[in-house]
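Single-letter residue listing:
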Amino acid sequence: MSVHTVLGPVDASTLGPTSMHEHLLSDLSLWARPAPPGEPPLDDPIRPRDMARLRWNALSVPHNLILHDPDVAVAEMTALRQAGGAAVVELTLRGMGRRLQELPDISRRSGVTICVGTGWYVDATHPDDVRTADVDTLAAKLVTDLRDGIDGTGIKPALIGELGTNHPPTEGELRVVAAAGRAAAETGCAVNVHLSFRGQDALSLVELLLSEGMSADRIVLSHMDEVLDRAYHKDAAQTGAVLEYDTFGTDFSYGSPHLRSPADHERLDMAAWLLSEGHQDQLVIGCDVWTQSNLLHNGGYGYEHLFRRIAPALEKLAGPQALRRILVDTPRRLLDRP
């Protein structure tokens, strides 16, 4: 058993502290929304002086939603390693601006282990052949990626995901999720599902994955920390799935004080509660860096934030053993596959 990385397989026991959800090179400008009237355009590249505007409305500048510079990625990963991180799971898929062939060089230059996923993101990014494919066809494609590598690169994914879902999930998204469950049942890999902050779809998506034969403890529910409802989180944890609190360091809003990401202290409070409820083996964390305004390079918290600030805060709240489970033991279990 081993963990597949962009530089080849490694023994799972060697995997160090891991962020389970990141993007290094990506294009998520599909989420861009027009700036309010009267706001002047922002120049490219983003500069630190632009951060106030971007924290207020992160989606109003399309080029804020594109991570394009491998050299910046190397610097950001180097900072992560210096803060105590060892590995990241890069979940940029087809239709998200994935640049898979550049990741091995980033890994070598930074000294950070990089794992990747496979699959398809939200409906708007699905190519025509996915829109018309049945579940069996999609599952077979996922199994091929897992066993042979992605699109001729030889790079094998460590898991399936992040599979995109809107609220409510579209018919096409549900077919992709079903296919992932079927492929996971065949291969034993884990599946990461992107959940929309606009709803509470975790339970129905877990049910769909389980109906295809995969194990609940191989399901990872992304972005649970964007909907901080204890009853919802408790119900999700009771399915046996892993909850992913993966937006640490995202402190921006979407043009309104009422449409904002939770603050880190709120995420930490929820994590401490979840652990106190006995779900120490069902939590993983990340920063889900996907905008220029997230980057340390531009005055954001960067990927290092997870290890430099959040990890010590969690250790104070829950103790060193719980922190090791979150950062090392559970990621090893989830990423370890045939």
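Within any chain, residue numbers begin from 1 and follow the written order of that chain's sequence. Owing to the predicted nature of the model, reporting of local features is limited to residues with pLDDT of at least 70; listing and counting of side-chain atom pairs is limited to 80 or more, with chain, interface and lining totals taken over all residues. With hydrogens and water set aside, each side-chain value is computed from the structure's full complement of heavy atoms.

(A) Seen up close, the side chain of Arg267. Numbering of helices and strands runs from the N terminus; a helix is a DSSP stretch of H or I covering at least four residues, while a strand is a stretch of E covering at least two. Note on placement: Arg267 falls in helix H9 (residues 264-276). Here the side chain of Arg267 touches Thr250 through a polar contact of 2.9 Å, landing on its backbone oxygen. Here a polar contact is taken to be a pair of N or O atoms separated by no more than 3.5 Å, where protein atoms must pair a possible hydrogen donor with a possible acceptor and residues adjacent in sequence count only if both atoms sit in side chains. A distance of 2.9 Å separates a polar side-chain atom of Arg267 from the backbone oxygen of Pro262.

(B) Main features of the packing of aromatic side chains. Any two rings among Phe, Tyr and Trp, with Trp reduced to its six-membered ring, count as a pair given centres within 6.5 Å; such a pair is stacked if its planes are under 30 degrees apart, edge-to-face if over 60, and tilted if neither. Per the stated rule, a full pass over the model turns up two aromatic pairs. Taking 6.3 Å as the distance between ring centres and 85° as the angle between the ring planes, the aromatic pair formed by Trp31 and Tyr121 counts as edge-to-face. Remark: Tyr121 occurs in the loop between strand S7 (113-118) and helix H4 (128-131) and Trp31 occurs in the loop between strand S4 (26-27) and helix H1 (51-56); sequence separation between them is 90 residues. Ring plane angle 70° and centroid distance 6.5 Å describe the contact between Phe252 and Trp290, whose orientation is recorded as edge-to-face. Of this pair, Phe252 sits in the loop between strand S11 (242-245) and H9 while Trp290 sits in the loop between strand S12 (283-285) and helix H10 (305-318); the two residues are 38 residues apart in sequence, bridging distant segments of the chain. With respect to burial, Phe252 and Trp290 carry one shared label: buried. Here the basic side chain of Arg267 rests over the ring of Phe248, its NZ or CZ set 5.9 Å away from the ring centre. The rule is simple: take the accessible area with a 1.4 Å probe, protein chains only, and divide by the maximum for that residue type; under 20% is buried, over 50% is exposed, in between is partly exposed. By definition, being over a ring means that NZ of Lys or CZ of Arg is both within 6 Å of the ring centre and within 35 degrees of the ring normal.

(C) Layout of the pairing of strand S2 (residues 8-11). Both strand S1 (residues 2-5) and S2 contribute to a ladder of four bridges, which runs antiparallel. The partner of Thr5 across the bridge, within S2, is Gly8. Between the antiparallel neighbours S1 and S2 lie two residues. When DSSP finds two or more bridges between a pair of strands, those strands are recorded as paired.

(D) Representation of the sheet that holds strand S8 (residues 159-164). Read from one edge to the other, the open sheet built from eight strands follows the order S3-S6-S7-S8-S9-S10-S11-S12, with strand pairing classed as parallel. Only two strands of the sheet have a single partner each, and these edge strands are strand S3 (18-22) and S12. Ignoring strand direction, the axes of neighbouring strands in this sheet form an average angle of 30°. As defined by bridge partners, strand S9 (residues 191-194) adjoins strand S10 (residues 219-222) across four bridges and the pair is classed as parallel. Residue pairing across strands places Val193 opposite Leu221, the latter belonging to S10. Helix axes use the C-alpha atoms of the stretch in contact, all axes being lines fitted to C-alpha atoms, and the angles between their N-to-C directions lie in the range 0 to 180 degrees.

(E) Quick look at H10. Taking 1.5 Å of rise per residue, the 14 residues of H10 would be expected to cover 20 Å, and the 18 Å separating its terminal C-alpha atoms lies within 8% of that figure. Taken together, the buried positions of H10 are occupied by His305, Leu306, Phe307, Ile310, Ala311 and Leu314. The elements touched by buried residues of H10 are S3, helix H2 (70-82), H9, S12 and helix H11 (320-335). A positive backbone phi angle near 100° is found at Gly319, which sits one or two residues after H10. One fewer than the residue count of a helix, multiplied by 1.5 Å, yields its expected span. Contact between two residues is taken to exist if any of their heavy atoms lie within 4.5 Å; hydrogens are not considered.

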